[in-house]
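# Structural characterization, general
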Amino acid sequence: MDKSYIAPASALRKLKAAHSLPQTVYLYGATGYGKTELVRQYLSGHRYIWLSCEKLPWKMETAPSGKQTRKVVVIDDLHRLKSEELRKEIIALARRSDLWLILISRSPVPAWLMPLYVREGLMIISEDDLRLGKAEISGYLKICGVAFTDDDIQYLQKTAEGNAYVVRHAALKMKEGKHVGPALYAEIWEAFSVYLEKFVVSGWDSDLLEFLMQVSVVDEFTLEMAEMITGSPYVAAALEQAAEAGNFLFQKNGVYRLRPTLNHALQSLAAKVYGLERVKDFKYNAALYYEMHDEIIPALRLFEECGKGDHIKSLLIRNARRNPGNGHYYELRRYYFNLEEQEIETSPVLMAGMSMLYSMLMDEEKSEYWYEKLTAFAKKAKGGTLREAQSRLAYLDIALPHRGSRNVLDIMKNIPAMLLDNGIGFPEFSVTSNMPSTMNGGKDFCHWSPSDTLLAKTVGPLVERILGRYGKGLVKAALGESYYEKGEDPYQVMTLLTRAQMETEQGGMPEIAFAAVGIRIRLSLLQGDIQAAGELLTSFERSVRENQALQLLPNIQALRCRLALYEGDINGADQWMEAAPDENKEFCSLERYRYLTKVRCYLAKGEYLTAQALLEKLRYYAEKMNRPYIRMEVGLLSAIAKERMGGSWQEELSAALKEAESYRFLRLISEEAAAIWPLLHREKKALLQNGSLDQNWLHRLLEETEEMARRYPLYLKKRTAALSDFSETALTILRLQADGLSLNQIAKRLEMKPFSVSYHIQENYRKLNVSRKADALLAARSLGLL
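Treat the numbers as computed from the prediction; the structure is a model and nothing was measured.

On to the overall build of the chain, then. Along the backbone of the chain there are 41 helices and 8 strands. Dimensions along the principal axes, computed over C-alpha positions, put the chain at roughly 95 × 90 × 50 Å. Burial analysis of the chain (786 residues in total) assigns 54% to the buried set. For the chain, long-range pairs separated by at least 24 residues make up 68% of all intrachain contacts whose partners lie at least 6 apart in sequence. Counting 102 positive and 100 negative side-chain charges, the chain places the averaged centre of each group 3 Å from the other.

Here we come to the pattern of salt bridges. Applying the stated rule across the entire model yields 54 salt bridges. The partner of E364 in a salt bridge is K624, with the nearest N and O atoms 3.4 Å apart. Taken as a pair, E364 in helix 20 (residues 364-380) and K624 in helix 32 (residues 608-624) lie far apart in primary sequence, 260 residues in all. For K624, a relative accessible area of 28% puts it in the partly exposed group. The salt bridge involving E661 is made with R664; its shortest N-O contact spans 2.8 Å.

So, on to the pairing of strand 3 (residues 71-76). Extensive coverage of strand 3 is indicated by the burial of 5 of its 6 residues. Strand direction decides the pairing type here: strand 2 (residues 49-52) and strand 3, joined by 4 bridges, are parallel. Bridge pairing links W50 to V74 in strand 3. Looking at chain direction, strand 3 and strand 4 (residues 99-105) are connected through 5 bridges and run parallel. Bridge pairing in strand 4 links K71 to L99.

Here we have 5 strands laid out as an open sheet, ordered 2-3-4-1-5, and parallel in their pairing. What marks the edges here is a single partner per strand, and that holds for strand 2 and strand 5 (123-125). Taken pair by pair, the neighbouring strands of this sheet meet at an average axis angle of 15 degrees, ignoring direction. Where helix 2 (residues 35-42) meets the sheet, its contacts fall on strand 1 (25-28), strand 2, strand 3 and strand 4, and the angle it forms with strand 4 comes to roughly 155 degrees. The strands touched by helix 3 (residues 84-94) within the sheet are strand 3 and strand 4, with strand 4 carrying the most contacts at an inclination of about 135 degrees.

Another aspect to go through is the confidence of the model for the chain. The share of residues in the chain with pLDDT of 70 or more is 96%, and the mean pLDDT across the chain is 91. Predicted confidence for residues 60-65 stays below pLDDT 50, and this span has 15 contacts to residues more than four positions away or in other chains.

Cis geometry is found at the peptide bond from L21 to P22, where omega equals -10 degrees. We note that D294 has phi near 60 degrees; this positive angle belongs to a residue other than glycine. Topologically, D294 is positioned in the loop between helix 14 (276-292) and helix 15 (296-306). The exposure class of D294 is partly exposed, given its relative accessible area of 35%. The residue N434 is not glycine, and still its phi comes out positive at about 70 degrees. Tracing the backbone through its elements, the reader meets N434 in the loop between helix 22 (408-422) and helix 23 (452-458).

Right, let's get into a nonpolar patch on the surface. Taken together, M114, Y117 and V118 make up a surface patch of nonpolar side chains, about 280 Å² in accessible area. Along the chain, the position of Y117 falls in helix 4 (residues 114-120).

Ranked by size, the top nonpolar core spans 235 residues in total, and within it W204 and F221 carry the most contacts. Element by element, the count of residues in this core is highest for helix 27 (residues 510-526), at 10 residues. Residues V73, L101, V109 and L113 belong to the second largest nonpolar core, which totals 23 residues.

By secondary structure assignment, the location of E661 is in helix 34 (residues 650-663). Take E661: its relative accessible area is 12%, and that puts it in the buried class. Discounting chain neighbours no more than four positions away, the residues touching E661 are L693, D694 and W697.

In this section: the pairing of strand 4. Burial of strand 4 is extensive: 7 of the 7 residues sit out of reach of the surface. Side chains L99, L101, L103 and S105 of strand 4 all project onto a buried face; the interleaved residues W100, I102 and I104 project onto the opposite face, where all are buried too. In the sheet, strand 1 pairs with strand 4 via 4 bridges, with the strands oriented parallel. Considered in strand 4, the bridge of Y28 is made with S105. You can see the chain leave strand 3, run along helix 3 and come back into strand 4, and the turn it takes is right-handed.

Judged by pairing direction, the sheet is antiparallel, and its 3 strands sit side by side in the order 6-8-7 without closing on themselves. One side of each edge strand has no neighbouring strand; the edge strands of this open sheet are strand 6 (220-221) and strand 7 (249-252). Pairing of strand 7 with strand 8 (residues 255-258) involves 4 bridges; the strand directions are antiparallel. Counterpart to K252 in the pairing with strand 8 is V255.

Helix length check: helix 33 (residues 628-644) (17 residues) gives 25 Å between terminal C-alpha atoms against 24 Å at 1.5 Å per residue, within 8%. Counted residue by residue, helix 33 has 13 buried out of 17 residues, so it is predominantly covered. Immediately downstream of helix 33, the backbone of G646 shows phi near 80 degrees, a positive value.

Here the focus is the packing of helix 10 (residues 206-215) against helix 11 (residues 223-230). One way to put it is that helix 10 packs onto helix 11 with a least axis distance of 9 Å and a crossing angle of 100 degrees. When the axes of helix 10 and helix 11 are compared, the pair comes out roughly perpendicular. Of the residues in helix 11, those in contact with F211, Q214 and V215 of helix 10 are A226, I229 and T230.

Describing an aromatic ring pair means giving the distance of the ring centres and the angle of the ring planes. Taken as a whole and judged by the stated rule, the model has 24 aromatic pairs. An angle of 55 degrees between the planes, with centres 4.7 Å apart, marks the rings of F445 and W448 as tilted. Between Y629 and F665 the ring centres are 6.2 Å apart and the planes differ by 55 degrees, which places this aromatic pair in the tilted class. Taken together, the residues span a long stretch of sequence, with Y629 in helix 33 and F665 in the loop between helix 34 and helix 35 (667-670) at a distance of 36 residues. Here Y629 and F665 have matching classes, each one buried. In this structure an aromatic cluster arises from ring pairing among Y165, F192, Y195 and F199.

Rules behind the numbers
- Residues numbered from 1 in each chain as written.
- Predicted model: local features only at pLDDT ≥ 70, side-chain atom pairs only at ≥ 80, totals over all residues.
- Heavy atoms only, no water.
- Helix = DSSP H or I, 4+ residues; strand = E, 2+ residues; numbered from the N terminus.
- Buried < 20%, exposed > 50% of the residue type's maximum accessible area, 1.4 Å probe, protein only.
- Contact = heavy atoms within 4.5 Å.
- Lys, Arg positive; Asp, Glu negative; His and termini not counted.
- Charge placed at Lys NZ, Arg CZ, Asp CG, Glu CD.
- Salt bridge = Lys/Arg side-chain N within 4 Å of Asp/Glu carboxyl O.
- Pairing = 2+ DSSP bridges.
- Axes fitted to C-alpha atoms, helices over the stretch in contact; angles between N-to-C directions.
- pLDDT = per-residue confidence, 0-100.
- Patch = residues over 30% accessible without salt bridge, like charges linked within 9 Å, V, L, I, M, F, W, Y side chains within 5 Å.
- Areas by Shrake-Rupley, 256 points an atom, 1.4 Å probe, with all protein chains shown as cover.
- Core = buried A, V, L, I, M, F, W, Y, C linked by side-chain atoms within 4.5 Å.
- Right-handed = clockwise from strand over helix to strand, strands pointing away.
- Expected span 1.5 Å × (residues − 1).
- Parallel < 35°, antiparallel > 145°, perpendicular 65-115°, else oblique.
- Phe/Tyr/Trp six-rings, centres within 6.5 Å; stacked < 30°, edge-to-face > 60°.

Printed below as a string of structure tokens:
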């Protein structure tokens with residue numbers, strides 16, 4: 001018995017409750033969660049019978065005697081029990097009133113116990129109840145005489161996942177002088193995998209073990225995929241058997257996943273049992289499944305591990321046929337760079353893909369190098385290969401990011417003749433790159449906005465014709481967005497956007513629908529209806545999931561985070577930040593919408609230097625790729641960051657305003673609401689007197705931004721208050737204000753003088769960094785005070 005073990009409060013509470021009733025206990029959890037130790041410590045000093053399903057026939061094992069009327073029977077390792085006769089005996093024991101029965105297993109309640117659970121009830125103590133929390137971990141380390149910090153406890157709680165074995169192993173290593181961190185975690189993780197391989201996995205039935213070793217070549221699988229990997233028609237039965245063997249297989253929406261440590265142990269055992277070549281066969285089967293289902297990234301990884309070079313090249317060509325929004329250029333760059341130049345030169349699709357990839361990486365010289373290679377190839381090519389090369393060249397002329405969009409119209413006017421006269425198809429082309437915008441999507445089209453109506457009438461049909469299904473709804477979505485940015489009639493904007501969305505539903509692309517929905521959400525925000533904005537986004541996300549347009553989800557979640565920021569919901573922003581891309585690890589231009597969302601999160605959290613560092617990366621990108629919209633957006637956010645740090649910000653703001661005014665854009669600025677309004681308010685007089693900006697545009701901008709600041713006072717406002725900053729009286733007054741009571745009514749309710757209540761109210765406002773009751777209540781709710 002481990003005397004240092006501290007029973008988790010939740011598990012202990014349930015055990016005591018079951019004992020007092022009495023009620024049969026079903027306690028389960030994976031290896032290492034302290035199931036047996038918990039029960040042995042609880043029953044210490046009691047008389048009990050301990051039986052194990054690993055030791056059949058059963059022999060009684062008793063603990064020290066004591067005064068006790070009701071017999072206690074513990075049956076351990078229940079997941080091992082196969083005998084129908086013994087199962088019936090256990091059900092009979094559970095129904096006896098003179099016994100308290102405790103069942104211990106590694107798996108959740110099995111099917112044969114379900115009737116008993118449903119009809120008579122069991123006290124379920126799950127793995128979650130067995131997890132050690134901060135208090136238990138710190139208590140255990142103290143008993144072990146190990147010195148630790150709060151950061152150590154935080155790290156152990158996160159990495160050990162409450163597993164008592166892992167915590168105990170960590171304590172032993174810490175006693176040896178090892179420091180808590182990734183190195184220690186890796187050492188323990190490896191040791192735990194070895195333990196599972198030698199003492200847990202080895203005890204399984206051979207058919208179950210064989211199945212799990214074969215599927216361990218992937219991190220997750222479906223029933224269909226498991227059948228393809230193993231070649232077995234009995235996968236469903238194996239999965240059922242696995243579920244009863246332990247709490248190590250999880251299923252969600254038809255996708256199964258093994259615990260990572262167990263998967264690692266199974267992979268190690270598979271290499272020993274099957275040999276590397278046979279394991280490669282299982283990986284090859286998995287890679288083929290991924291290839292069949294168009295999951296290129298995992299397919300490439302497995303083909304590489306199998307040494308299937310031909311398959312790799314074939315998949316890279318398939319990926320290069322896609323536009324950057326739907327393809328995986330950036331994620332697969334290592335595979336593209338590993339290709340020999342002679343290999344690339346044999347495929348016009350690969351040459352075009354390399355040109356696009358280097359342009360995305362902001363390496364114009366290498367991008368143009370491969371463009372010239374493709375041009376030279378086209379001069380010598382014939383037949384279908386020539387048509388492919390010409391099609392790819394036309395695509396690159398329009399789509400290469402570093403070339404901007406200035407000459408796109410002239411290029412497009414020459415494309416129809418090529419398409420119609422020579423029978424050349426145009427590759428797929430996404431205007432948005434999965435952003436909720438057409439103007440600021442794959443390319444920047446700000447300079448089209450001044451002539452938006454004329455271009456929509458004259459060039460619009462041509463653009464839609466060239467782009468095919470990628471062009472459906474595009475013209476209306478782009479025109480609606482341009483009108484919105486310039487503050488034109490909201491009814492006309494809404495009409496254009498809803499019609500654009502409907503056109504995409506008639507054989508178009510969800511990317512264009514997202515652009516239309518994104519502007520509709522911004523319009524709802526502008527009109528003060530954030531609830532409608534959220535509902536619209538939720539409905540669209542549901543449609544995206546149903547239609548498997550999963551490439552849109554990252555930016556949908558970023559847009560949801562922006563809505564949370566308008567409500568002052570810092571917790572919501574923090575949750576989104578956990579999965580946000582790490583700009584310090586690598587800067588990917590395709591993540592620019594999420595990077596700009598991160599900047600806003602940094603500003604809301606008061607991390608101004610971090611925000612400025614990311615803004616400088618985005619500024620470099622905007623200047624190098626000629627992106628006016630992002631340049632203006634960066635300028636505004638940079639001015640906000642610098643003003644909050646006490647630096648010089650006026651020049652940044654002035655440049656952004658001047659450029660925005662040249663396009664007559666309003667919403668780019670006014671949507672920054674309470675974050676930008678203090679700056680505009682301080683510069684208001686100078687701006688009006690300067691005369692460099694159109695006065696009508698400026699007056700409208702100031703009015704609209706002030707109104708947005710009133711509607712969303714908590715937007716990007718740093719929270720400095722916490723629950724501990726408020727006395728019980730101050731919190732009570734806040735709550736009574738939330739209930740609608742006036743100052744005098746609160747004074748009467750609390751038997752206080754009105755002057756004292758007023759003092760507390762003003763102090764609350766100061767701590768919450770607001771000046772009005774409505775803003776105070778919003779801020780208090782966002783902090784969890786109400």
